[in-house]
Amino acid sequence: EKKTGKRVAVIGSGPAGMSAAQQLGRAGHDVHVYERESRPGGLMRYGIPDFKIEKHYIDRRIEQMQGEGVTFHCGVNVGVDKPVAELLAEHDAVLYCGGSETPRAAGIPGDDLGGVHDAMPYLVQQNRRVGAE
Ligand SMILES: Cc1cc2nc3c(=O)[nH]c(=O)nc-3n(C[C@H](O)[C@H](O)[C@H](O)COP(=O)(O)OP(=O)(O)OC[C@H]3O[C@@H](n4cnc5c(N)ncnc54)[C@H](O)[C@@H]3O)c2cc1C
């Protein structure tokens, strides 16, 4: 109902970034989400397979948020494509929701054996294929 005139940047569009962006937008701020991947969603899109969450649910939420005034800037890797100093200068506040893609050992007997692999690289590849990216 009332705009605050404040511009807020959210880095990362996983569940943390998306939920923060929606709440900040509803509080009346001008919210800009910066995402390094070509599409928003974070691990919901690139980590979790379609049989656990079909991606049209994420797309529906993004459309709803865009309708509410949130702007998504995809393909922008903050710190690489866009300097942090620039982001700080252009916004009243910056929220970092970058997640983590660094695997860690399960810490169980046998996790160091040959043939035991981290899942993330395979999940991202497969989700890109299924999403025709
Ligand atoms: C196979 C699998 C199944 C899962 N199942 C479930 C489940 O059933 N229930 C559940 O609750 N959780 C589940 N999770 C965990 C859940 O997906 C994560 O906890 C959640 O996605 C973390 O959210 P996040 O927003 O913190 O980070 P992420 O989802 O990792 O999002 C971070 C985003 O920030 C972006 N980013 C990072 N750095 C930059 C930068 N410098 N510039 C621009 N963008 C940047 C990344 O590209 C990414 O899109 C599952 C995860 C996996 C892999």
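Our structure's up above, just so we're on the same page.
Residues numbered from 1 in each chain as written. Predicted model: local features only at pLDDT ≥ 70, side-chain atom pairs only at ≥ 80, totals over all residues. Heavy atoms only, no water.

Undergrad: Explain the overall build of the chain to me, and be specific about the residues and the numbers.
TA: Helix and strand counts for the chain stand at 5 helices and 4 strands. If you list the helices and strands of the chain from N to C, you get β-α-β-α-α-β-α-β-α. Overall size of the chain, expressed as C-alpha extent along the three principal axes, is 55 × 30 × 25 Å. Counting over 133 residues, the chain shows a buried share of 32%. Contacts in the chain between residues far apart in sequence, at least 24 positions, make up 67% of those at least 6 positions apart. The positive charge centre, built from 16 side chains, and the negative charge centre, built from 18, are 4 Å apart in the chain. (Helix = DSSP H or I, 4+ residues; strand = E, 2+ residues; numbered from the N terminus. Buried < 20%, exposed > 50% of the residue type's maximum accessible area, 1.4 Å probe, protein only. Contact = heavy atoms within 4.5 Å. Lys, Arg positive; Asp, Glu negative; His and termini not counted. Charge placed at Lys NZ, Arg CZ, Asp CG, Glu CD.)

Undergrad: So what's going on with helix H5 (residues 120-130)? Residues and values would help.
TA: Within the span of H5, buried status applies to Met 120, Val 124 and Asn 127. Projected down its long axis, H5 carries its buried residues within an arc of 70°, all on one side. Exposed side of H5, more than 90 degrees from the buried face: Tyr 122 and Arg 129 are the residues found there. Phi turns positive, to about 55°, at Ala 132, one or two residues after H5. (Arc of directions from axis to C-beta.)

Undergrad: I'd like a description of the pattern of salt bridges, backed by residues and values.
TA: Here the structure, examined in full by the defined rule, presents 10 salt bridges. Here Glu 68 ties to Arg 26 by a salt bridge, and the two come within 2.8 Å at their closest N and O atoms. In this pair, Glu 68 sits in the loop between helix H3 (56-67) and strand S3 (71-74) while Arg 26 sits in helix H1 (residues 15-26), placing the two residues 42 residues apart along the sequence. As a salt-bridge pair, Lys 82 and Glu 90 come within 2.9 Å of each other at their nearest N and O atoms. Here the salt bridges do not stand alone but share partners, grouping Arg 39, Arg 45, Asp 59 and Glu 133 into one network. (Salt bridge = Lys/Arg side-chain N within 4 Å of Asp/Glu carboxyl O.)

Undergrad: Before we move on, can you summarise the side chain of Lys 55 with the specific residues and values?
TA: Locating Lys 55 in the fold gives a position in the loop between helix H2 (43-46) and H3. Residues within four places of Lys 55 in sequence aside, it is in contact with Met 44, Arg 45, Ile 48, Pro 49, Asp 50 and Asn 127.

Undergrad: Can you break down the nonpolar core residue by residue, with the values?
TA: Counting residues in hydrophobic clusters, the biggest one holds 11 residues: Val 10, Met 18, Ala 21, Val 31, Val 33, Ile 58, Ile 62, Met 65, Val 70, Phe 72 and Cys 97. Going through the elements one at a time, H1, strand S2 (30-35) and H3 are the ones with two or more residues in this core. The residues contacting Phe 72, other than those within four sequence positions of it, are Ser 13, Val 33, Pro 40, Ile 62, Met 65 and Gln 66. Grouped together as the second largest cluster of nonpolar side chains are 6 residues, Ala 9, Ile 11, Val 76 and Leu 87 included. (Core = buried A, V, L, I, M, F, W, Y, C linked by side-chain atoms within 4.5 Å.)

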